[in-house]
Amino acid sequence: MTYDVIIAGAGPAGLTAAMTATREGLSVLLVETKENITRKTRPCCSMWLLEPGFHDEGWTFKDNTIYFHRNDFSIPYSGGIVDLYRSVRMSAQGNTMLMGKKLTPIGKVLDKEALLEGLLGSVESRKAEIRHRTTCFGVEEQKNGVKVLLRHDGKQEWVNGKYLLAADGVDSKIVQSMGLNAKRKIIIRTPILHYYYADVRGPYEDAWVQFIGDGFNGVSGTFLHKPDTQGYSNVYEIGAVPPPKSGMGVKEAITRLISHPIVKEMLSGSRLIKRMGCRWTLWDPIPEPARGRAIILGDAASFQEVENQGAIMCGFQAAKAVVEAEKGGDGFGRYNSFWQKSFEF
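Residues numbered from 1 in each chain as written. Predicted model: local features only at pLDDT ≥ 70, side-chain atom pairs only at ≥ 80, totals over all residues. Heavy atoms only, no water.

**Student:** Lay out the pattern of salt bridges with the relevant residues and their values.
**Tutor:** One pass over the full model with this rule turns up 18 salt bridges. If you follow the salt bridges from partner to partner, you end up with Asp 4, Lys 162 and Glu 326 in one network. (Salt bridge = Lys/Arg side-chain N within 4 Å of Asp/Glu carboxyl O.)

**Student:** A description of the sheet that holds strand β6 (residues 73–76) should follow, citing residues and the corresponding values.
**Tutor:** Across the sheet, three strands lie side by side as β4-β5-β6; this open sheet has antiparallel pairing. Both edges of this open sheet fall to β4 (59–62) and β6, since each of them pairs with a single strand only. On average, each strand axis in the sheet is inclined to that of its neighbour by 20°, with strand direction left out of account. Strand direction decides the pairing type here: strand β5 (residues 65–68) and β6, joined by four bridges, are antiparallel. Paired with Thr 65 across the two strands is Pro 76, which belongs to β6. (Pairing = 2+ DSSP bridges. Helix = DSSP H or I, 4+ residues; strand = E, 2+ residues; numbered from the N terminus. Axes fitted to C-alpha atoms, helices over the stretch in contact; angles between N-to-C directions.)

**Student:** Go over unusual backbone geometry with me, naming the residues and quoting the values.
**Tutor:** Positioned with a positive phi, Asp 56 is a non-glycine residue whose angle comes to about 55°. Within the secondary structure, Asp 56 sits in the loop between β3 (47–49) and β4. Take Asp 56: its relative accessible area is 23%, and that puts it in the partly exposed class. The phi torsion at Glu 307 lies on the positive side, around 70°, for a residue other than glycine. When you line up the elements, Glu 307 lands in helix α6 (residues 307–326). (Buried < 20%, exposed > 50% of the residue type's maximum accessible area, 1.4 Å probe, protein only.)

**Student:** Break down the pairing of strand β1 (residues 2–8) for me, citing the residues and quoting the values.
**Tutor:** Buried residues dominate β1, accounting for six of its seven residues. Here β1 pairs with strand β14 (residues 155–166) via six bridges, running parallel. Of the residues in β14, the one forming a bridge with Ala 8 is Ala 166. Looking at chain direction, β1 and strand β2 (residues 28–31) are connected through four bridges and run parallel. Looking at β2, one finds that Ala 8 is bridged to Val 31.

**Student:** Please provide a residue-by-residue account of the environment of Asp 206, values included.
**Tutor:** Among the structural elements, Asp 206 can be located in the loop between β15 (186–198) and β16 (207–216). The sequence separation of Asp 206 and His 225 amounts to 19 residues, and the corresponding C-alpha distance is 7.3 Å. Those residues in contact with Asp 206 that sit more than four places away from it in its chain are Asp 83, Leu 84, Tyr 85 and Arg 86. For Asp 206, the side chain forms a polar contact with the side chain of Arg 86, separated by 2.8 Å. (Contact = heavy atoms within 4.5 Å. Polar contact = N/O pair within 3.5 Å; in protein donor to acceptor, adjacent residues only side chain to side chain.)

Now the structure itself:
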């Protein structure tokens, strides 16, 4: 069988691409390395930034739906939301600088797993083929399509498609296999570790808090209110940043941060419910991610991260680009223009 489009990666970008492509009548194969697509496995602040014109877009949250004004589409979302009205920068002496608005939020914190659940439900309802525990390791571009190498439970097979959408994240195996990393520069590559606490009595429930300087026992960090989830309430995510070139490990850094008197008081009476870490990489961006028969989506082509809202936009626009290309139009050129206009380089 030859699929109209093969999508590697079932995060916000890949799921939105699959949802949009199936709505347009395309046959879709969606592959994802994880067994449970909706389970979050790496730290993610899950902030939805509401700065006017951010990513050249605007949004409305209403009736369990998120509307994208300029791109003119919507997605389902019925999870919790924490509205952020302030950004707080705090010194080790407890001095603060507050920035924000009184009447409208500057951002929202979403439940990432609920976001994925809503998108996955839309994909499943439209009968896309989904393969769990399946990773794309390589691609061969041909004149009229692509051959994609998949691995599932130790077995490999080649699958044919007309187009490939690579939404497999920052350290994309597809980007590597296509040779697109050869001229890209790694700006930063470092491990990160975040702790999640419940029953926190923090004084800044409507703010993103940054611990500034090295006075917090030699480290800096962040503190963010998250939506209630899985029976836990007043959940906060905290992360620490070791000093550059210090050789300090991430576990030591976060231990130092949470033992500082100010942070320790914020966490007094709370309980640690989860630890989550990953490797964080910053690459040179790919200026033209749509080429040949493939489009590199979202984080896989970006400088750092395109945020959840940007990833969703990429998935929508990539599926639309494939539809346009199938009709003989310059869908890939339009996608590259969208990419360059909407994201930082």
